[in-house]
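A look at the structure
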There are 2 protein chains.
Amino acid sequence: MEIIINPFIEEWEQLCSRPLFENRKLENDVRSIMEAVHQGGDKVLKEYTRKFDGIEIDDLRIPEEEITGAADFLDVRLRNAIDMAYKNIETFHAAQKPSEITVTTMPGVECSMRYLPVERVGLYIPGGTAPLFSTVLMLAIPARIAGCKEIVLCTPPDPSGKIHPAILYAAHRSSVTSVFRIGGAQAIAAMARGTESIPKVDKIFGPGNQWVTMAKQLAASSGVSIDLPAGPSEVAVIADSSVPPEFIAADLLSQAEHGADSQVMLLTTNEKIIEAVIVEIERLLNKLPRRDIAEKSLKFCRMIVFREYDTLMNFVNTYAPEHLIIATTNHRELSGKVMNAGSVFLGNYTPESAGDYASGTNHTLPTNGFARAWSGVGTADFMKRISFQEITPEGLQSLGPVVEFMAQAEELEAHRQAVKVRLDYLVNKKNLSWDQSIH
Amino acid sequence: MEIIINPFIEEWEQLCSRPLFENRKLENDVRSIMEAVHQGGDKVLKEYTRKFDGIEIDDLRIPEEEITGAADFLDVRLRNAIDMAYKNIETFHAAQKPSEITVTTMPGVECSMRYLPVERVGLYIPGGTAPLFSTVLMLAIPARIAGCKEIVLCTPPDPSGKIHPAILYAAHRSSVTSVFRIGGAQAIAAMARGTESIPKVDKIFGPGNQWVTMAKQLAASSGVSIDLPAGPSEVAVIADSSVPPEFIAADLLSQAEHGADSQVMLLTTNEKIIEAVIVEIERLLNKLPRRDIAEKSLKFCRMIVFREYDTLMNFVNTYAPEHLIIATTNHRELSGKVMNAGSVFLGNYTPESAGDYASGTNHTLPTNGFARAWSGVGTADFMKRISFQEITPEGLQSLGPVVEFMAQAEELEAHRQAVKVRLDYLVNKKNLSWDQSIH
């Protein structure tokens, strides 16, 4: 832990820095896995699952009845919890669905923007100690709302070759088209180009370890769209004395327990808060099964005191945190000064974990300062915009000469001709249809 | 030119294929240019301008008075044309500006989505024989509407070290913050990390040659956001006998004249149209100063006859063209079947060049089939979405147990504690504020 009091602005860059990863070796390893999958298809996928996961699998696809029947294997309280989270996430993401815009930019010139679903999307759900069913909801619900025709989900199997029923239940509820038991860079390779059993998709979503992240990056540079560049998870908490230090300690720890590389920051104008929070962190740490991970992450925790809120908020916007908790009496005012962040949690009763699971907002968010130019995943990410225009003869008579003049200035004569031949027809009142016999 | 009649669906992949570029050497060259700029700053930028462009420049920044005074050096008709294009582009892009959404997902749980500008954006405008002032409008107008604080423009100087007044006038009209005379991969490197005179930006937009494109890709993999992956420009035209072949020929040529690698395609259900269009292409070619370029591109032109419109539209959606012209009597009906395209031009009086310059739609569009998952540039690309949530004590009492249960199932105890410590306070009606003296 590092405590910094009133840092000079020259120190900000260093204070906002994230860990750097050197990854040329990783890149080469991942590239060769992907090439092997592109060449060998399903056979290679099964070989990698044997080699990396130590599991022998016959069929990559999870049978339909296992997905539809997953609910029966779930604790009813967990099922109800998933259902409530589902409803909130659905409500917030349905409200984001954009509608068509039509504008007459000048008489006779009508421009519109339509929003259409990305037809085939691939969702990657990491494996690990616990089933990340919440991420299934966060990706599959907006995909369904957007209207994606094919929603493919890949996730690594457990040692017995199975997928946890909570993942299958969440997938079933959100109308995922097909689920495959395959993880790692090989799963990304499969979705990027397709294999005998796994369909090629247009866009790949979802978190993952550094192998998965590198595979997504390589897929992106070969033309498959991806959701976000990924980095370790982060939280910045702004606190004053209106909030019990215990709340803040729990919030900081809920980020720290994600991984040893999680970034945790406390920002305040009140130095006393820092001491109080540290005491609570020590106390709460004892309750955590993932204490070791949290302690590693806390080593790099920064706690910074600022003289005033304006400076503090400038710092926040420079850092651009993935999660930002504002637990101060003036949280409404400070929230209006947020320029760069992924998701913001306001007031004393809004812990990050609410947004991680069930408030309705998405938990797939920009890390590593990417919030300066990227957004968290939303319904719009499962859609694309297409512009349409239709010009009437009258419209072309007003607009045409402008286009001709600009094309001439850019020395693109055929561009000018495309207008000119049409205006000639209008001036000479020629008949457009030239082959009545076949029209 | 290649004429294909009723292709089998197995042939579609090959018919939809775009040229592939091998670029390992290019990648290494561009990488070393970028590293040199990151290390040497302005001095290296000037060296490269001497080396690549053969121009000696003192000051990279174009003086304010040169920008504000550019209008005086412009033909008044060109100025008026730019002004009219400006108005249409502004009207259509202002209509795209998203507004905040606020939703109560359940009682006491309020989620909202705010749209904020990307603070610092960089626009790259290529050089070449003609000044691409239209691209300045297409990028700077949405940046201004989004509210970007800093709009940096880089463009290579002409042999006398100047920038064309049409570019400066377009930049001035759209409130570009600063203009720099620098081109190529070195300009992208400068904007990606900043130099003494060129500010670092958060997102880079704009077209360019393969050096610029590679530099944008490398910048993207180091965390600077970019607009779109770029490829050669494309048009697909769907025509029936309601449109004079001359119109279609001019449309195909206005794409072909862009570059030898431009992709041009004619799709129809009427074989006779193909013969008629070819005659008109030959006739119009003679009028083109860029005839050589157009002829090279036309070598790869594909003209395909389909038995029926449903198959034709399936093919279009598989190809996912950057520009799609639908010049048929049933264009309204066909437009409803477009799933993948960048920008669509409907009817006989809507040439692509209208959208390239002045109808109001954007001309920075996804090529290379990327329209399956990417959109053309719009106002939203200059903004990011941030989600906010605020939960009341009552809200947390309903939602909290759900979050606790899900956190437990994902084995994240601190996530659960962040809810639990808060619910304990509520149950025990404890006083939150713990240090009245400093509050």
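Residues numbered from 1 in each chain as written. Chains lettered and ligands numbered in written order. Predicted model: local features only at pLDDT ≥ 70, side-chain atom pairs only at ≥ 80, totals over all residues. Heavy atoms only, no water.

**Points about the pairing of strand β2 (residues 101-106) of chain B**
All names here are of chain B.
- Bridge analysis of β2 against strand β3 (residues 109-117) gives 5 bridges, and the strand direction is antiparallel. Bridging across to β3, isoleucine 101 finds its partner in methionine 113.
- Connecting β2 to the next strand, β3, in antiparallel fashion are 2 residues, including glycine 108 with a positive phi near 85 degrees. (Pairing = 2+ DSSP bridges. Helix = DSSP H or I, 4+ residues; strand = E, 2+ residues; numbered from the N terminus.)

**Focus on the packing of helix α17 (residues 413-427) of chain A against helix α10 (residues 245-256) of chain B**
- The interhelical angle for the contact between α17(A) and α10(B), taken along N-to-C directions, is 165 degrees, at an axis separation of 7 Å. One finds that α17(A) runs roughly antiparallel with respect to α10(B). Here the hand of the crossing between α17(A) and α10(B) comes out left-handed. For the pair formed by α17(A) and α10(B), the contact residues are A:Ala414, A:His415, A:Gln417, A:Ala418, A:Val421, A:Arg422 and A:Tyr425 on the first element and B:Glu246, B:Phe247, B:Ala250, B:Asp251, B:Leu253 and B:Ser254 on the second.
- Broken down by class, the residue content of the contact of α17(A) with α10(B) amounts to 7 nonpolar, 3 polar and 3 charged. (Axes fitted to C-alpha atoms, helices over the stretch in contact; angles between N-to-C directions. Parallel < 35°, antiparallel > 145°, perpendicular 65-115°, else oblique. Left-handed = near helix turned anticlockwise from the far one by under 90°. Contact = heavy atoms within 4.5 Å. Nonpolar A, V, L, I, M, F, W, Y, C, P; charged D, E, K, R; others polar.)

**Comments concerning the sheet that holds strand β8 (residues 225-226) of chain B**
Residue and element names in this part refer to chain B.
- In spatial order, the strands read β6-β5-β4-β7-β8; together these 5 strands make up an open sheet with parallel pairing. Two strands bound the open sheet, and with one partner strand each, they are β6 (178-181) and β8.
- Bridge analysis of strand β5 (residues 150-155) against β6 gives 4 bridges, and the strand direction is parallel. Opposite threonine 155, over in β6, you have arginine 181 as the bridge partner.

**Thoughts on the packing of helix α8 (residues 184-193) of chain B against helix α9 (residues 210-221) of chain B**
All names here are of chain B.
- Where α8 meets α9, the axes come as close as 7 Å, and the angle between the chain directions of the two elements is 25 degrees. Relative to α9, the element α8 is oriented roughly parallel. For the element pair α8 and α9, the recorded crossing hand is right-handed. Packed against α8, whose contacting residues are Gly184, Ala185, Ile188 and Ala192, the element α9 presents Trp211, Val212, Ala215, Lys216 and Ala219 at the interface.

**Considerations on the relation of the copies chain A and chain B**
- With an RMSD of 0.0 Å, chain A superimposes on chain B once it is rotated by 180 degrees and translated 0.0 Å along the axis. This pairing of chains is accounted for by a two-fold axis.
- In this assembly, 100% of the residues forming the interface of chain A have copies in chain B that are likewise at the interface, indicating an isologous arrangement. (Least-squares fit on C-alpha atoms with pLDDT ≥ 70 in both.)

**Considerations on the domain arrangement of chain A**
- According to the domain assignment, chain A contains domain 1 (2-19 + 232-360), domain 2 (23-100 + 118-228) and domain 3 (392-437).
- One C-alpha centre belongs to domain 2 of chain A, the other to domain 3 of chain A, and the line joining them spans 50 Å. (Domains from an automatic or database assignment.)

**Some thoughts on the interface of chain A and chain B**
- Taken together, the contact pairs 142 residues of chain A with 142 residues of chain B.
- In this assembly, chain A packs against chain B so that about 12500 Å² is buried in total across both faces, 63% of it on carbon and sulfur atoms.
- Counting across the interface, chain A meets chain B through 6 salt bridges.
- A:Arg422 is the partner of B:Asp251 in a salt bridge, and the nearest nitrogen-oxygen pair spans 2.7 Å.
- Our count for the contact surface shared by chain A and chain B stands at 66 residue pairs in polar contact (both at pLDDT 80 or more).
- Across 4 bridges, strand β14 (residues 383-391) of chain A lies against strand β13 (residues 343-346) of chain B in parallel orientation. Looking across to β13(B), one finds that A:Gln389 is bridged to B:Phe345. (Buried area = accessible area lost by both parts, 1.4 Å probe. Salt bridge = Lys/Arg side-chain N within 4 Å of Asp/Glu carboxyl O. Polar contact = N/O pair within 3.5 Å; in protein donor to acceptor, adjacent residues only side chain to side chain.)

**Examining the nonpolar core**
- Formed by 203 residues in total, the largest nonpolar core has its most connected members in A:Leu252, A:Leu266, B:Leu252 and B:Leu266.
- Sequence-distant contacts of A:Leu252, defined by excluding residues within four places in its chain, comprise A:Val235, A:Val237, A:Val264, A:Met265, A:Leu266, A:Val277, A:Ile281 and A:Met303. (Core = buried A, V, L, I, M, F, W, Y, C linked by side-chain atoms within 4.5 Å. Buried < 20%, exposed > 50% of the residue type's maximum accessible area, 1.4 Å probe, protein only.)

**Regarding the pairing of strand β13 (residues 343-346) of chain A**
Residue and element names in this part refer to chain A.
- The alternating pattern of β13 places Ser343 and Phe345 and Val344 and Leu346 on opposite faces, both of which are buried.
- Sheet topology places strand β12 (residues 323-327) next to β13; 4 bridges connect them, and they run parallel. Bridge pairing in β13 links histidine 323 to serine 343.

**What to know about the side chain of B:Gln96**
- Tracing the sequence through the fold places B:Gln96 in the loop between α5 (76-95) and β2.
- In this structure B:Gln96 comes out as buried when scored by relative accessible area, which is 8%.
- A polar contact is formed between the side chain of B:Gln96 and the backbone nitrogen of B:Thr379, at a distance of 3.1 Å.
- Apart from the residues within four sequence positions on either side, B:Gln96 is in contact with A:Ile101, A:Met113, B:Gly378 and B:Thr379.

**Here's the deal with the side chain of B:Arg18**
All names here are of chain B.
- By the secondary structure assignment, arginine 18 is in the loop between α1 (12-15) and α2 (24-40).
- The exposure class assigned to arginine 18 is buried, which follows from its relative accessible area of 13%.
- A polar side-chain atom of arginine 18 sits 3.3 Å from the main-chain carbonyl oxygen of alanine 320.
- With near-sequence residues (within four places) excluded, arginine 18 lies in contact with Glu234, Gln263, Tyr319, Ala320, Pro321, Asn368 and Gly369.

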